[in-house]
Amino acid sequence: MADDISLKISIDAKDVDAALAHVNGGILDMGKDANKASGGLGKLGGVLSKAVVPLGLLGAGVGLAAGAFAEVVGPAADFQKKLSAIKSTSGATNKEMGELHDLALDLGMANDVGAASAGDAADAIFELGKAGLSVDSIMAGAAKATLQMSAGAGPEFGIANSAALAADALNMFGLKGTDAAKVANLLVGAANASSIGLSDLQLAFAAGGSVAHTVGLDINDTATALSLFGAAGVKGSDGGTSFKTMLMRLNPQTKEATAAMKDVGLWTKDAGSAFFDA
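Residues numbered from 1 in each chain as written. Predicted model: local features only at pLDDT ≥ 70, side-chain atom pairs only at ≥ 80, totals over all residues. Heavy atoms only, no water.

Q: What is the right way to read the pattern of salt bridges from this model?
A: One side chain can pair with another of opposite charge once the charged atoms of both are near each other. Applying the stated criterion across every chain yields a total of 5 salt bridges. Of the charged contacts, one joins Glu 99 and Lys 95 as a salt bridge, the two residues approaching to 3.0 Å between their closest N and O atoms. Taken together, the positions of Glu 99 and Lys 95, both in helix 2 (residues 94-108) and 4 residues apart, correspond to about one turn of that helix. The exposure class assigned to Glu 99 is partly exposed, which follows from its relative accessible area of 30%. One continuous salt-bridge network, built from bridges that share partners, spans Asp 78, Lys 82 and Asp 123. (Salt bridge = Lys/Arg side-chain N within 4 Å of Asp/Glu carboxyl O. Helix = DSSP H or I, 4+ residues; strand = E, 2+ residues; numbered from the N terminus. Buried < 20%, exposed > 50% of the residue type's maximum accessible area, 1.4 Å probe, protein only.)

See the structure below:
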């Protein structure tokens, strides 16, 4: 029933070539755009990679700043803690604490106390106060003398022992803080001139210093005698005890001993030992 329909399509070859050329051109343009996009992405990657270095430097700078901050804040906080300990130990007033604060800072910058810092000076002040020295004595030279003694004795003796020895010597012989520098030089010199160290001398003074002062000896004679005991091999507390016993025996305890001393001319007309009145 239906008629056959035949469709005749005529194609011009030139038109086909033109169409293909148009399509190929579009594809080439797309390739160029893709290349441009790739180049742009490459440049963006370069920019980002360059940005990583400054960010790394920034991080390193922040780390260094944090470290520097800790180095400054840490010692400062420690110094404040030491000042609080000084106040509680010494019973210093607020005005005196201000003076001790300034003293510690000044000693920390002094050239004649070895490598001591302000923190070391605060340690010396604390130990002197703990040993019973007054704020006036500490301010008058005891703190500085302690640091000088510690510097002369070496790190093995330390600030705490230097402070204890200086305080004991001043208290035993009734000396003032202004005498501290002389005492420090005397003790370091006595130790260096013999085979004993300051540790031995500290123990010897603790054992025999009070008796030496009681019988009338001054700190110079006492230090010299204890150094001689040490040179003879009697050191430390043994030296101090032997020295104390010798001094006590020079004052006769019995009638027989008194008579014997009179016989040899060691008893004065005022009924005293010639050793102590010489």
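Q: When you look at the packing of aromatic side chains in this model, what are you seeing that I'm missing?
A: Remark: the centre distance and the inter-plane angle together describe each pair of aromatic rings, the angle taken between the planes. Scanning the model with the defined rule gives 2 aromatic pairs in all. Arranged with centres 6.2 Å apart and planes meeting at 75 degrees, the rings of Phe 173 and Phe 205 form a pair that is edge-to-face. Of this pair, Phe 173 sits in the loop between helix 5 (158-172) and helix 6 (180-192) while Phe 205 sits in helix 7 (residues 198-214), and the two are 32 residues apart along the sequence. For Phe 173, a relative accessible area of 8% translates into the label buried. Take Phe 205: its relative accessible area is 2%, and that puts it in the buried class. The interplanar angle of 65 degrees and the centroid separation of 5.7 Å between the aromatic rings of Phe 229 and Phe 243 together place this pair among those described as edge-to-face. In this pair, Phe 229 is assigned in helix 8 (residues 219-231) and Phe 243 in helix 9 (residues 236-249), connecting sequence segments 14 residues apart. (Phe/Tyr/Trp six-rings, centres within 6.5 Å; stacked < 30°, edge-to-face > 60°.)

Q: How should I be thinking about the packing of helix 6 against helix 8 in this particular structure?
A: The N-to-C vectors of helix 6 and helix 8 enclose an angle of 15 degrees; their axes lie 10 Å apart at closest approach. Between helix 6 and helix 8, the crossing angle belongs to the class labelled roughly parallel. Like other packed secondary-structure pairs, helix 6 and helix 8 cross with a definite hand, here right-handed. Each of Val 183, Leu 186 and Ala 190 in helix 6 lies in contact with helix 8, whose residues at this interface are Ile 219, Asn 220, Ala 223 and Ser 227. Considering only residue class, the contact of helix 6 with helix 8 consists of 5 nonpolar, 2 polar and no charged. (Axes fitted to C-alpha atoms, helices over the stretch in contact; angles between N-to-C directions. Parallel < 35°, antiparallel > 145°, perpendicular 65-115°, else oblique. Left-handed = near helix turned anticlockwise from the far one by under 90°. Contact = heavy atoms within 4.5 Å. Nonpolar A, V, L, I, M, F, W, Y, C, P; charged D, E, K, R; others polar.)

Q: What is the right way to look at the nonpolar core in this model?
A: Taken as a class, soluble globular proteins show a tendency for nonpolar side chains to be buried jointly. In this structure, Leu 100, Leu 187, Leu 198 and Phe 205 are the most contacted members of the largest nonpolar core, which totals 58 residues. Leave out the neighbours within four places in its chain, and Leu 100 touches Ile 86, Ala 92, Ile 125, Val 135, Ile 138 and Met 139. (Core = buried A, V, L, I, M, F, W, Y, C linked by side-chain atoms within 4.5 Å.)

Q: Explain the packing of helix 3 (residues 118-130) against helix 5 here, please?
A: How two helices sit against one another is set out by the angle between their axes and by the gap between those axes. Between helix 3 and helix 5, whose axes approach to 9 Å, the crossing angle comes to 40 degrees. Between helix 3 and helix 5, the crossing angle belongs to the class labelled oblique. In the packing of helix 3 onto helix 5, the handedness of the crossing is right-handed. Contacts between helix 3 and helix 5 involve Asp 120, Asp 123, Ala 124, Glu 127 and Leu 128 from the first element and Ile 159, Ala 160, Ala 163 and Ala 167 from the second. For the contact of helix 3 with helix 5, the class distribution of residues is 6 nonpolar, no polar and 3 charged.

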